[in-house]
Amino acid sequence: MARKNTTARAANRRSNTMWGGRYKLGPAEIMEKINASIGFDRRLYAQDIAGSVAHCDMLVAQGILTAKDGRDIKRGLAQVKAEIESGKFKFSTKLEDIHFNVEQRLTDIIGPAGGRLHTARSRNDQIALDVRMWVRDTIDKVEEMLRDLQAALIDRADEYSATIMPGFTHLQTAQPITFGHHLMAYVEMFGRDRSRFADCRARLNESPLGAAALAGSPHPIDPRKTAKALGFDRPMANSLDAVSDRDYVIEFIAAASTTAVHLSRLSEEIVIWCSAPFRFISLSDAFTTGSSIMPQKRNPDAAELTRAKVGRIVGAFVALCTILKGLPLTYGKDMQEDKEPLFDAADSLELGIAAMTGMIRDLKANPERMRAVASADYSVATDLADWLVRKVGLPFRQAHHVTGRLVGIAADKGVDLDKLSLEEMQAVEPKIDRSVFRVLTVEASVNARKSLGGTAPANVARAVAEARRRFLGRAGER
């Protein structure tokens, strides 16, 4: 008999107080571990509490809660938020998630009125709201960070608008360009990234609150009121869609993946530019590390780690698509697994943007080395071909052939094109005259490329001014 009573008491201790009368026995230990999400969804506390305040105000306005209950609930929620932010709040895995943790503490503070807050609401629309608000807040933060990165790139492009460097195709020297022009290419890329995040934000800005578990609520609620209070454009039109939709998470991580690819490409260039064979730029001790065995080394670890972040972010995208691909409407516990990849992708992206912004502001160019490499490997060969078209009137294909023969002669002699004599050139094409030498310098090459979007320093200066207006809202500001 004693053993039976002991077993019953143990069962009561294990009982799940959240689920009430139906569930007499609590979950197994492994079930508690796999089911609990408070270890990661606690970071939604601010959105969860803001949503609860708006829900409380709506319930009071609709006569579903008394004004006194409303005041007590809001007072209690403010205390819960303060406890969390001060580090005094005790999170419990037994309470599973941020919703139950907040609700239990609220009830401890104000009594039974805390349990009335959940009227006309389910954890299904509550978590849909919290994550939607968190993604929206994160987009706003990322957008500002990308703007700061663009500002750093624009400033550097302005500084190096006339600094000549080699432009590459296949990582082979192709034509001379300016370093400012190269940096401005990334300004455009990150501008498109900002627009993708803005598009995502516009689409997600609908409130799911009011959908309850999946079918709506029998209470006389006003979803438009809560939507407006929380800064949404409108409530969602379909309750099933409201609790099951995670499109905005996929879209956010997709935009993050594209941005991470751009960060990775620029990181790769920084790694190359810092290497001894290139020596185009240098980074200070702030963004490099040393070697444990080779004292001469300065490793561009910040760039390498930023380059690596793309793997985690793209991995999060694949993980989330895989989680969602087979889920029928509406909510499945699988959706709990959306948060860790989301949070990791956002954290990785923010760290990568911050590191890249710091590196761009920190780097110093080596103009002499850049120009020397730009002048090598017959980078002005295309300028010679273009001159033969303009001045001599050759068809481009013939001009290309003539230029190729002259490059071959120069290569055999081990000299640059401008070191060939006029007689040597005329032996290949008699119509060449002495004015050809005016186009055979890297300075002439970049200055000649004044077409829209071209690399000429004057173009870069205009592009910098326009980019300040387009992306920073500071026309002409330096």
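Please read all numbers here as calculations on a predicted model, not as lab measurements.

What to know about the overall build of the protein chain
Regarding its fold elements, the protein chain presents 20 helices and six strands. The C-alpha atoms of the protein chain give 32 Å as radius of gyration, which overshoots the globular expectation for 478 residues (23 Å, by more than 25%). By its C-alpha atoms, the protein chain is 115 × 55 × 40 Å across when sized along the principal axes. The buried share among the 478 residues of the protein chain stands at 48%. Summarising the internal contacts of the protein chain: among those between residues at least 6 apart in sequence, 74% fall at separations of at least 24. Carbon and sulfur atoms form 54% of the exposed surface of the protein chain, whose accessible area is close to 23,200 Å².

What to know about the nonpolar core
Membership of the largest hydrophobic core comes to 72 residues, with the highest contact counts inside it found for Phe179 and Ile270. At the level of elements, helix H8 (123–159), helix H9 (179–204), helix H12 (247–274), helix H13 (301–324), helix H14 (339–362), helix H15 (367–375) and helix H20 (457–472) are the ones that each hand at least two residues to this core. Counting residues per element, this core draws most heavily on H8, at 14 residues. Look past the residues within four positions of Ile270 in its chain and what remains in contact with it is Ile281, Leu283, Ala303, Met356, Met359 and Ile360. One finds Ala374, Leu422, Val442 and Val446 within the second-largest nonpolar core, a separate group that totals 25 residues.

The rules behind each value
Residue indices follow the written sequence of each chain, beginning from 1 at its first position. It should be noted that, the model being predicted, local features are given only for residues of pLDDT at least 70 and side-chain atom pairs only at 80 or more, the latter also being counted only at that level, while totals for whole chains, interfaces and linings use all residues. Side-chain descriptors were evaluated using all non-hydrogen atoms of the structure, hydrogens and water having been removed beforehand. The way it works is that DSSP assigns letters per residue, a run of H or I at least four long becomes a helix, a run of E at least two long becomes a strand, and they are numbered from the N terminus. Computation of the radius of gyration draws on C-alpha atoms alone. For the globule rule, the value is 2.2 Å times the number of residues to the power 0.38. Buried, partly exposed and exposed residues are distinguished by accessible area as a fraction of the type maximum, computed with a 1.4 Å probe on protein chains only: under 20%, between the cut-offs, and over 50%, respectively. Should any heavy atoms of two residues lie within 4.5 Å, those residues are counted as being in contact. The protein chains shown are the only cover counted for residues, whose accessible areas, like all others here, come from Shrake-Rupley with a 1.4 Å probe. Residues belong to a common nonpolar core when they are buried Ala, Val, Leu, Ile, Met, Phe, Trp, Tyr or Cys residues joined through side-chain atoms within 4.5 Å.

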